[in-house]
Protein chains: 2
Amino acid sequence: MSEHWCELAWLGGERAEPGVLISVQGDRITSVERGVASAPAGAGRHNGLTIPGLSNAHSHAFQRALRGRTHAGRGDFWTWRDQMYAAASMLDPDNYLALARATFAEMALAGITTVGEFHYVHHGPAGVPYEDPNAMGEAVLEAATQAGVRITLLETCYLHGGIGAPPDEAQQRFSDGTAETWVERVSSLSSPANVNTSPNTGMPPAADPTAKFAAAAGPTAKVGAAIHSVRAVDPASAATVSAWAAEHGLPLHAHVSEQPAENAACLAEYGMTPSALLGQAGALGERFTAIHATHLTESDFGLLGGGSVCLCPTTERDLADGIGPVSRLAGAGAGLCLGTDSNALIDILEEARGVELDERLSTGIRGNSRPADLLRAATDGGCASLGWDDAGRIEAGALADLVTLGFDRVGLAGTTAGHAVESAVFAAGAADVRDVMVGGRVIVRDRVHLEIDVAAELSAAIGAVIR
Amino acid sequence: MSEHWCELAWLGGERAEPGVLISVQGDRITSVERGVASAPAGAGRHNGLTIPGLSNAHSHAFQRALRGRTHAGRGDFWTWRDQMYAAASMLDPDNYLALARATFAEMALAGITTVGEFHYVHHGPAGVPYEDPNAMGEAVLEAATQAGVRITLLETCYLHGGIGAPPDEAQQRFSDGTAETWVERVSSLSSPANVNTSPNTGMPPAADPTAKFAAAAGPTAKVGAAIHSVRAVDPASAATVSAWAAEHGLPLHAHVSEQPAENAACLAEYGMTPSALLGQAGALGERFTAIHATHLTESDFGLLGGGSVCLCPTTERDLADGIGPVSRLAGAGAGLCLGTDSNALIDILEEARGVELDERLSTGIRGNSRPADLLRAATDGGCASLGWDDAGRIEAGALADLVTLGFDRVGLAGTTAGHAVESAVFAAGAADVRDVMVGGRVIVRDRVHLEIDVAAELSAAIGAVIR
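Things to note about the pattern of salt bridges
Under the defined criterion, the tally for this structure stands at 49 salt bridges over all chains. For Arg360(B), the salt bridge identified is with Asp318(A), shortest N-O distance 2.7 Å. Here the residue Arg360(B) occupies a position in helix H11 (residues 348-363), and Asp318(A) occupies one in helix H9 (residues 313-318), the pair thus bridging two chains. For Arg360(B), a relative accessible area of 0% gives the class buried. With a closest N to O distance of 3.2 Å, Glu262(B) and Arg231(B) form a salt bridge.

Some words on the relation of the copies chain B and chain A
Of the transformation superimposing chain B on chain A, the axial component is 0.0 Å and the angular component is 180°, with the fit at an RMSD of 0.0 Å. As the rotation angle and translation indicate, the two copies are arranged about a two-fold axis. Residue Ala431(B) of chain B places its C-alpha closer to the rotation axis than any other residue of that unit, at 3.4 Å.

Quick word on the environment of Gly381(A)
All names here are of chain A. For Gly-381, the location among the structural elements is in helix H12 (residues 371-385). Along the backbone, Gly-381 and Leu-54 are 327 residues apart, and their C-alpha atoms lie at a distance of 9.5 Å. With residues near it in sequence (within four places) discarded, Gly-381 still touches Leu-336, Cys-337 and Arg-376.

As for the pairing of strand S9 (residues 252-256) of chain B
Residue and element names in this part refer to chain B. S9 sits mainly inside the fold: five of its five residues count as buried. What you see with S9 is no split at all: Leu-252, Ala-254 and Val-256 on one side and His-253 and His-255 on the other are buried throughout. Where strand S8 (residues 221-227) meets S9, three bridges bridge the pair, whose relative direction is parallel. Counted as the bridge partner of Ala-225 is Leu-252 from S9.

Re the sheet that holds strand S10 (residues 288-292) of chain A
Residue and element names in this part refer to chain A. With parallel pairing, the eight strands of this open sheet are ordered in space as S5-S6-S7-S8-S9-S10-S11-S12. With partners counted over all chains shown, the strands left at the sheet margins are strand S5 (54-59) and strand S12 (335-338), one partner each. The mean inter-strand angle of the sheet, taken between neighbouring strand axes irrespective of direction, is 25°. Packing against the sheet, helix H5 (residues 235-248) makes contact with strand S7 (150-157), strand S8 (221-227) and strand S9 (252-256), and its axis sits at approximately 155° to S8.

Quick look at the sheet that holds strand S14 (residues 433-438) of chain B
Two strands in a sheet stick together by hydrogen bonds in their backbones, pointing the same way (parallel) or opposite ways (antiparallel). Residue and element names in this part refer to chain B. Reading across the sheet, the eight strands line up as S3-S2-S1-S4-S13-S14-S15-S16 and stay open at both edges, with mixed pairing between neighbours. Here the strands that pair on one side only, and so sit at the sheet edges, are strand S3 (28-33) and strand S16 (448-449). In the sheet, strand S15 (residues 441-445) pairs with S16 via two bridges, with the strands oriented antiparallel. Bridging from a neighbouring strand, Val-444 pairs with His-449 of S16.

Topic: the nonpolar core
Note that soluble globular proteins tend to have their nonpolar side chains buried in a common cluster. Judged by nonpolar contacts, the single largest core of 138 residues is most densely connected at Leu49(A), Phe62(A), Phe104(A), Ile227(A), Phe288(A) and Leu405(A). Discounting residues that sit within four places of it in the chain, Phe62(A) has contacts with Met84(A), Ala88(A), Leu91(A), Tyr96(A), Leu99(A), Tyr120(A) and Val121(A). Among the nonpolar cores identified, the runner-up in size contains 137 residues, and Ala88(B), Leu329(B), Ala372(B) and Ala377(B) belong to it.

Focus: the interface of chain B and chain A
Every contact between the two is made by 55 residues of chain B and, on the other side, 55 residues of chain A. On the chain B side of the interface with chain A, the three residues burying the most area are Arg317(B), Leu361(B) and Arg366(B), jointly 19% of the side's total. Our enumeration of links across chain B and chain A arrives at six salt bridges. Close ionic contact of Arg366(B) with Asp318(A) constitutes a salt bridge, the shortest N to O distance being 2.8 Å. Remark: the boundary between chain B and chain A carries 26 residue pairs in polar contact (both at pLDDT 80 or more). Counting only elements with at least two residues in the side of chain B that touches chain A, the list comes to helix H1 (77-88), helix H2 (93-109), helix H9 (313-318), H11, helix H13 (420-426) and helix H14 (454-465) of chain B. Considering each element in turn, the side of chain B that touches chain A owes the most residues, seven residues, to H11(B). The residue makeup of the side of chain B that touches chain A, split by class, is 22 nonpolar, 16 polar and 17 charged.

Examining unusual backbone geometry
All names here are of chain A. One non-glycine residue, His-292, adopts positive backbone phi at about 80°. For His-292, the location among the structural elements is in strand S10. A positive phi angle, near 55°, is found at Asp-341, a position not held by glycine. Within the secondary structure layout, Asp-341 lies in the loop between S12 and helix H11 (348-363). On the basis of relative accessibility, which here comes to 5%, the residue Asp-341 falls in the buried class.

Examining helix H4 (residues 179-187) of chain A
When H4(A) is considered as a whole, its buried residues turn out to be Ala179(A), Trp182(A), Val183(A), Arg185(A) and Val186(A). Against S7, S8 and H5 of chain A lie the buried residues of H4(A).

Cut-off values and rules
Residues numbered from 1 in each chain as written. Chains lettered and ligands numbered in written order. Predicted model: local features only at pLDDT ≥ 70, side-chain atom pairs only at ≥ 80, totals over all residues. Heavy atoms only, no water. Salt bridge = Lys/Arg side-chain N within 4 Å of Asp/Glu carboxyl O. Helix = DSSP H or I, 4+ residues; strand = E, 2+ residues; numbered from the N terminus. Buried < 20%, exposed > 50% of the residue type's maximum accessible area, 1.4 Å probe, protein only. Least-squares fit on C-alpha atoms with pLDDT ≥ 70 in both. Contact = heavy atoms within 4.5 Å. Pairing = 2+ DSSP bridges. Axes fitted to C-alpha atoms, helices over the stretch in contact; angles between N-to-C directions. Core = buried A, V, L, I, M, F, W, Y, C linked by side-chain atoms within 4.5 Å. Buried area = accessible area lost by both parts, 1.4 Å probe. Polar contact = N/O pair within 3.5 Å; in protein donor to acceptor, adjacent residues only side chain to side chain. Nonpolar A, V, L, I, M, F, W, Y, C, P; charged D, E, K, R; others polar.

What follows is the structure in structure tokens.
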């Protein structure tokens with residue numbers, strides 16, 4: 001057992017609490033005591049503000065290689081996609097493991113303790129499966145385990161190059177051909193990640209490394225499902241994926257209405273919006289997360305309100321997608337979560353304030369979302385979306401995922417208890433993250449990843465996939 | 001003389017140049033040599049990307065104390081202003097020196113080598129002048145000198161509480177009563193800043209510390225003029241300030257059309273836009289900088305196109321001001337520059353990308369501004385606006401203000417020569433700034449300010465003015 005005394009901790013309310021003692025046994029919080037004036041002997045001391053680990057509900061790890069390389073030109077989402085496909089075409093299981101490991105380690109430095117990897121680069125060049133058809137997904141799971149970050153691998157079904165169009169050359173690597181083949185492949189998923197190799201977690205290794213996909217749900221890894229979009233998955237196939245996710249009680253994600261062109265194509269072909277189509281396919285509900293949900297029609301709010309919505313403001317700004325109707329979605333009951341998406345930036349706190357700041361630009365009104373609600377989206381909102389219902393909160397019984405923001409850097413210097421939550425959302429960033437714990441195990445201390453030289457590995461891994 | 005070898009340097013073009021040797025004598029660059037493969041013996045070595053020092057053309061230093069404290073509530077610009085006035089009411093020359101010194105030092109850490117301080121808290125409580133009527137402005141000049149940052153003190157005329165309204169209690173501290181009294185006060189300005197106290201600059205101290213305002217133009221300090229806004233300065237007074245600035249050839253700044261309510265009041269009272277009013281007052285022209293310029297009418301573009309426009313995207317988002325018509329202003333010939341304004345964030349690179357990213361949200365199109373143009377706005381654009389025509393570029397004869405962005409942190413890991421300019425604008429931030437030189441003097445090395453414990457001083461200084 002270990003004890004952690006926090007100068008300030010956010011326990012879910014509007015304000016931070018001073019003097020909080022958190023006890024941890026194995027990978028779980030066993031007690032949370034308020035009003036403890038000073039650190040007891042033997043307790044770790046966390047100055048600054050301690051919050052639950054941040055959750056990144058929507059990532060494409062390989063796109064980290066594109067940072068700084070796709071922002072200059074003219075064009076729109078669709079021209080950006082061509083550049084993104086070129087990078088995807090360079091991946092193989094070995095270089096993807098290295099790139100994803102370094103990217104997830106960058107996330108750890110930014111305080112991200114849970115990532116949802118929306119994974120669709122499944123097969124080799126020209127769509128030929130690897131000998132192990134899950135080699136790419138297993139590389140992603142392994143990468144997260146090595147980086148020390150909790151992951152939900154969102155196994156993404158991607159079949160078509162557009163409504164009624166076959167996959168193009170780049171997209172062949174994404175496609176399983178049919179939804180049934182996708183089910184077959186995903187059902188055979190097993191992974192080294194089902195054995196948590198950390199000596200510190202106190203968790204036993206899984207008994208059988210050849211077990212079926214459920215075994216990939218080790219102490220820090222889960223599997224979920226994803227429908228790439230209504231462009232890439234037809235209604236019958238979307239129904240197959242949805243049924244499989246429902247059968248296993250797994251999270252189900254989909255890109256929804258990111259671009260007006262997607263809505264127009266869906267309406268022209270099917271006579272309904274993407275949300276309505278996904279509703280008919282049985283995708284929607286409390287396990288469902290709509291990614292982006294930028295361009296909605298009136299009837300979509302009720303449909304999406306029963307699940308989660310993942311906003312990715314820095315990517316949505318970069319790709320000129322537009323400003324989503326966040327307050328209306330929240331009002332309809334949708335749970336909010338956040339994603340770094342293209343990983344051009346990796347900073348969930350910037351995503352959190354981006355939600356509010358962009359809505360200010362579209363409405364001319366401040367204070368649409370409260371700071372504590374934005375911080376909730378950045379923590380347990382993402383965990384709920386990713387199937388980690390017992391993470392993202394500082395409370396007895398929850399997984400011991402903790403992040404401390406230091407007030408020792410200039411960004412948060414001058415922060416006081418009364419404004420610490422507001423400061424975390426509106427004035428802090430990845431550089432303020434000082435210490436990070438995942439499942440009781442410290443992975444970042446004093447802004448240094450304890451096992452990975454992150455910048456050096458990023459540089460090498462990016463060099464291997466980008467000319 | 002000293003030599004500085006840069007792995008990559010941005011010399012103003014679309015791309016960075018590899019292997020650049022910069023020679024410095026006193027406070028100036030004496031030569032710039034390209035294609036130097038490795039660092040000569042005795043030369044300083046700057047790995048990463050070296051750019052001209054960043055310029056912050058619009059700052060209210062004291063508002064740093066409000067960071068994290070004004071973002072949560074509902075309301076708009078005007079409710080925010082009430083909180084800001086409460087902080088202003090706490091200032092005196094001593095605590096303002098400490099707060100501005102720490103804030104300017106935070107700017108130094110962020111690579112800002114030139115700041116334009118839009119200064120309007122001139123007098124004591126109830127508007128009673130200090131014994132030295134320029135005590136507050138001199139504190140600001142001294143603060144910048146101590147922090148090692150080049151400054152243009154924009155002495156701001158602020159007379160009214162709104163069109164036809166007297167200043168309220170908070171605003172009494174800003175008002176000189178009449179424009180003539182403003183001229184008299186500003187003309188008597190002298191400052192310790194006219195003596196650059198650094199032993200490293202090689203510049204002689206000014207001969208006469210009691211000299212008139214021109215003497216405040218020491219090696220790292222200049223004085224300029226500002227008309228707060230058409231709300232706070234009537235047309236005749238605006239003409240008086242404009243004439244004084246013209247007589248002395250000084251920069252002249254004004255807040256212009258930040259809010260629709262300002263436009264409406266100006267139109268109702270004077271039958272013209274704020275830009276047109278300033279044009280009639282003789283304010284506009286190449287020495288003029290319009291701050292914000294968010295809500296313009298068709299005829300304003302031609303009027304503002306002959307000068308500079310300063311965008312402050314992070315503040316404009318925070319205050320729900322809206323998205324300014326940047327591309328149209330640039331097309332009309334306006335020089336662009338950038339400001340941190342409220343200092344809720346201090347990161348000129350984030351301001352630079354904010355210009356483009358916000359325009360993407362309003363237009364649905366990417367690539368409205370080119371990365372090199374945004375970096376120009378962040379460097380020589382601001383210097384030109386602030387009267388430092390010989391700063392903001394890496395070239396022989398220019399002031400030796402240099403900033404090196406390290407690729408040794410995760411943010412820029414993987415950056416290559418071909419994309420370094422794009423990466424600096426779209427993927428870098430204050431935390432990536434490693435080394436900073438102002439006038440040949442190193443003020444930041446390895447991300448540490450060499451003379452000031454910035455976070456500790458910020459914390460103490462903010463505690464002194466905020467309850």
